[in-house]
Amino acid sequence: MERRRSLIRRIFHEFYSERYELIEVPSDLPKREFGFIFFKSPDIMVRHKAFNNSQELLEFLKANVPMHAYYSTAHYKWPEARSMDEKMWLGADLVFDIDVDHIPTPCKTAHDSWKCLDCNLGGKGMPPETCPKCGSKRLERDAWVCDICLQKAKEEVLKLVEDFLVSDFGFRLNEIKVYFSGHRGFHVHIESEKVQHLDSDARREIVDYIKGIGFRPSISLNGDPDMSETGWRGRMARGVYKFIADANADLLTELGFKKREITFLVTNREIILRGLESSPPYWGCLHKLSKRSLNALFDFVKRSYAVDIDERVTTDIKRLIRLPGSLHGKTGLPVVPVGISDIEEFDPFSIEILNSASSLKLKILRKIPTLKLGSREYSFKVNERVKVPFSVGLYMACRGVAEIVNVM
Amino acid sequence: MSNTPFVKEMHAYLKLKGLSLADIDSDYLKPALELAKARILCSCKRGSRYPDNLDNVTDLDLSLLSYPLAIAILAYIGNPILTRRFAVYEARRAGRFLRWEPEEKVVSIARGTFGWDIRRVRLTIGKRTYTLAIHFTDYLSVSFPREPHWKLVNRIMLEGYVLLQKHELARLIEERVRRNIMDKIENAKLDAVPKALEEASLEILRAVRSSGLTETFPSERMSSYSPQGYPPCIAKLVEDATAGKNLSHTARFALATFLLNVGMSVDEVVDLFRRMPDFREEITRYQVEHLAGLRGSKIKYSPPSCENMRSAGLCPEELKDALCNRVRHPLMYYYLKIKRGITYGKEKKPHKEDIS
Ligand code: SF4
Ligand SMILES: [Zn+2]
Ligand SMILES: [Zn+2]
């Protein structure tokens, strides 16, 4: 265990000495708080660090080789002070976290699993809230990155940036920075002056807007919306149109529509659609549906447009977030900026970690689910020795399921 | 101008007169002080309007000067409920007048006084016609309980601007004024309190008590209490009580009245005293109900102010934090901390949840 960890640490050390150009020094550096977790005590976070200039930060990383490196989205007058009121909060960037951890993807049952630490019951896929057998909340989860999961995260990022941040909130693309989180998702940062002073309540309103929480059709859709409108009205108009055009009996039944309503929708489909696309639009036909069904329809459409962001991250104005350019200690993957136009092709396993090595020889220690990483699918047998691309190898080693035999 | 006493011009105006609180005893300010008292008392009664002689004060000086005096009095009293009533009342009054002002005037106040980014538009969407748009960051800087139609998700937003009708902008200004007044009162620094001001404060407190005015707004108290908001003094008393230490009479009074004021039920308060060496259920219950205003005098008691806590030896110097230095009343501490979600306490061990 010790030896394995020290080998990983050595690779991290080389990374911070060789590839420091990847580190993106946060704007307004001296006002940021930093936090680190080191290899020697992975359960303790060292906080309240601050750096006067990028030189200091880079030297620190090289000398101390953190397992995880974070900085505050907030700016403080005294970032090194140990208590929040001494720090004196000056403002905070607006950040969003998209993480497939919270998003059910079909592949999760294939590669994720969980175990109850109290009664040992286990299962595939996302963990339940509480153990179904003993009710315990102490569930350990075994979660893996996979290409399908990442694709889902990318779709969410595109929706967030294009549909919401740019068109509704009016941010310019160059104000929006997207980073791969080093694990199963992306972080979106906005540093513009205008957002700095938003308090937590204000940020919650932004989250609610993006997740469609508290959306009231009776208010928002008052006066039949047109498909060319922007914002939620336009989205709902386009979504309802698509829904009616594609609706089949199975989905409608699942949403709780009555037989009579399904027949009505299917037989009058063309007439309803013509109403929706005419100018001004006419939604009158839809009101033949019961209130319940109509709400189920709106809710279904709303959910298809809402973005699954983690509200805790956005509303917390004193949060620490991963430092761009640092390595994620549990995956060995670097946190890197991703251009919005390149995101579809982005593959975290294609990023070169060290200039000097391109592959690793591993000894597999534990069972690993079959995974699609980047363009390739990997499956390993316990005890087997294999040569794999460097980042895949480092990932397995950091996950503790393989041992590095050789750096090549 | 006198109807919207929050505008920047007013502050300039006061300065121009070269007046300060110290002049309060002067004959010149006496009528203004009377007016200030009347304004506060008015605000305590739900649905009450300014008496005619107040709304029609023709003396501009008088009307303008009474405002900072009212703020000073409320700051001195330090009762969050009175403070809030006053802020709501004055803001509403300002809002009422704004609604009758031409759009241009409303816009210029929003821009000039609050620095809001506002655009004039003409757009009909759905059934409504909008003439204004405010940048969403300014829209969100006004925080108030968001009824559904004020929630951002139910607003129309175009490239960062939230569409508004004129009366809605007036309403936003009103909320902002309310917040400003509260901030002013809560942050007012009173070094040497003139005698006249002290007397005025006592007079108001007496009036409030005897007329049972506080009972006109009991439902506005926080409905559920949150222990994270307890000031150090109360947190310590809770701890001592739970540990079964014998508390002095004043300590019990302070603890019970505080908890009742933040919304704890009589039963819960009684439970807290269960460990007292001399605990007798019926007696304790009777006393607590009395404090809660459920018996006898029907007066609901307030906990002692910080000053009184201190002289009773109940303010733990070593546990005081930065927020303590800003308040004069334990309830104010609670109110500020809960309402604003400010953390002033000792920092907790960082939690994995705090990072991403
Ligand atoms: S200053 Fe006031 S609120 Fe703070 S501990 Fe002392 S009495 Fe309590
Ligand atoms: Zn269990
Ligand atoms: Zn997957």
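In what follows, the structure referred to is the one given above.
Residues numbered from 1 in each chain as written. Chains lettered and ligands numbered in written order. Predicted model: local features only at pLDDT ≥ 70, side-chain atom pairs only at ≥ 80, totals over all residues. Heavy atoms only, no water.

Asks: What am I meant to see in the overall build of chain B here?
Replies: Secondary structure summary: chain B contains 15 helices and 4 strands in total. Looking at the 356 residues of chain B, the share that counts as buried comes to 50%. When contacts within chain B are restricted to residue pairs at least 6 apart in sequence, those whose partners lie at least 24 apart make up 70%. Carbon and sulfur atoms make up 53% of the accessible area of chain B, which amounts to about 17,300 Å² in all. (Helix = DSSP H or I, 4+ residues; strand = E, 2+ residues; numbered from the N terminus. Buried < 20%, exposed > 50% of the residue type's maximum accessible area, 1.4 Å probe, protein only. Contact = heavy atoms within 4.5 Å. Areas by Shrake-Rupley, 256 points an atom, 1.4 Å probe, with all protein chains shown as cover.)

Asks: Any chance you could explain the pattern of salt bridges here in plain terms?
Replies: Inspection of every chain in the model, using the stated rule, returns 50 salt bridges over all chains. Residues Asp208 of chain A and Lys151 of chain B are paired through a salt bridge, measuring 2.7 Å at the closest nitrogen-oxygen approach. Here the residue Asp208 of chain A occupies a position in helix H6 (residues 200-211), and Lys151 of chain B occupies one in the loop between helix H7 (136-141) and strand E3 (157-158), the pair thus bridging two chains. Here Asp208 of chain A and Lys151 of chain B have matching classes, each one buried. As a salt-bridge pair, Glu174 of chain B and Arg171 of chain B come within 4.0 Å of each other at their nearest N and O atoms. (Salt bridge = Lys/Arg side-chain N within 4 Å of Asp/Glu carboxyl O.)

Asks: Any chance you could explain the nonpolar core here in plain terms?
Replies: Within soluble globular proteins, side chains that are nonpolar tend to cluster in buried spots. Among the nonpolar cores identified, the biggest contains 175 residues, and Leu165, Phe169, Ile210 and Met396 of chain A are the most heavily contacted of them. When near neighbours in sequence (up to four residues on either side) are disregarded, Ile210 of chain A contacts Phe96, Leu160, Phe164, Leu165, Phe169, Trp232, Ala306, Val307 and Ile309 of chain A. Leu237, Val266, Phe273 and Val288 of chain B belong to the second largest nonpolar core, which has 30 residues in total. (Core = buried A, V, L, I, M, F, W, Y, C linked by side-chain atoms within 4.5 Å.)

Asks: Would you explain the coordination of the zinc ion (ligand 3) in this entry?
Replies: Tetrahedral metal sites with four donors have an ideal angle of 109.5 degrees; octahedral sites with six donors have ideal angles of 90 or 180 degrees. All names here are of chain A. Only Cys107 (SG), His111 (NE2), Cys146 (SG) and Cys149 (SG) from the protein reach the zinc ion (ligand 3) as donors, at distances of 2.1 to 2.3 Å. Taken together, the 4 donor atoms surrounding the zinc ion (ligand 3) define angles of 102 to 125° at the centre, an arrangement classified as tetrahedral. Site description for the zinc ion (ligand 3): donor spacing in sequence, C-x3-H-x34-C-x2-C. With a gap of 38 residues between them, His111 in helix H4 (residues 108-111) and Cys149 in helix H5 (residues 147-166) connect regions that are remote in the sequence. For His111, a relative accessible area of 4% puts it in the buried group. Overall, the relative accessible area of 1% leaves Cys149 in the buried class. (Donors = N, O, S within 2.8 Å, 3.2 Å for Na, K, Ca; no water. Tetrahedral: all angles 85-135°; square planar, octahedral: opposite > 155°, others 65-115°.)

Asks: Would you mind showing me how to read the coordination of the zinc ion (ligand 2) here?
Replies: Residue and element names in this part refer to chain A. Protein-derived ligands of the zinc ion (ligand 2) are Cys116 (SG), Cys119 (SG), Cys131 (SG) and Cys134 (SG), with the metal-ligand distances lying across 2.3 Å. For the zinc ion (ligand 2), the 4 donor atoms in the first shell make angles of 106 to 114° at the metal, so the coordination geometry reads as tetrahedral. In the primary structure, the donors to the zinc ion (ligand 2) are separated according to the pattern C-x2-C-x11-C-x2-C. Residue Cys116 is located in strand E7 (residues 113-116), and its partner Cys134 is located in the loop between strand E8 (122-124) and strand E9 (139-142); the two are separated by 18 residues in the primary sequence.

Asks: So what exactly am I meant to see when it comes to the site of ligand 1 here?
Replies: All names here are of chain B. Within the structure, ligand 1 sits among Pro231, Pro232, Cys233, Cys306, Met309, Cys315, Pro316, Lys320, Cys324 and Pro330. At the level of secondary structure, the elements contributing two or more residues to the shell around ligand 1 comprise helix H10 (232-242) and helix H14 (306-311). When the residues that make up the shell around ligand 1 are grouped by side-chain class, the tally is 9 nonpolar, no polar and 1 charged. (Near = heavy atom within 4 Å. Nonpolar A, V, L, I, M, F, W, Y, C, P; charged D, E, K, R; others polar.)

Asks: I would appreciate a short explanation of the sheet that holds strand E11 (residues 185-190) of chain A in the present structure.
Replies: Strand pairing in a sheet takes place through backbone hydrogen bonds and is either antiparallel or parallel in direction. Residue and element names in this part refer to chain A. Strand order in the open sheet made by the 3 strands is E6-E11-E10, with antiparallel pairing throughout. Each edge of the open sheet carries a strand with a single partner, namely strand E6 (94-99) and strand E10 (176-180). Pairs of neighbouring strands in the sheet enclose a mean axial angle of 20°, with direction left out of account. The pairing of E6 with E11 spans 6 bridges and is antiparallel. Following the sheet pairing, Asp97 is matched in E11 by His187. (Pairing = 2+ DSSP bridges. Axes fitted to C-alpha atoms, helices over the stretch in contact; angles between N-to-C directions.)

Asks: Please explain the sheet that holds strand E16 (residues 385-389) of chain A as it appears in this structure.
Replies: Residue and element names in this part refer to chain A. Taken in spatial order, the 3 strands of this open sheet run E16-E13-E17, and their pairing is antiparallel. The outermost strands of the open sheet, each flanked by one partner alone, are E16 and strand E17 (402-407). Going from strand to strand, the sheet's axes swing by 35° on average, the running direction of each strand aside. Where strand E13 (residues 359-364) and E17 come together, 5 bridges link them in antiparallel fashion. Looking at E17, one finds that Ile364 is bridged to Ala402. Along the sheet, helix H14 (residues 390-399) contacts E13, E16 and E17; its crossing angle with E16, the most-contacted strand, is approximately 120°.

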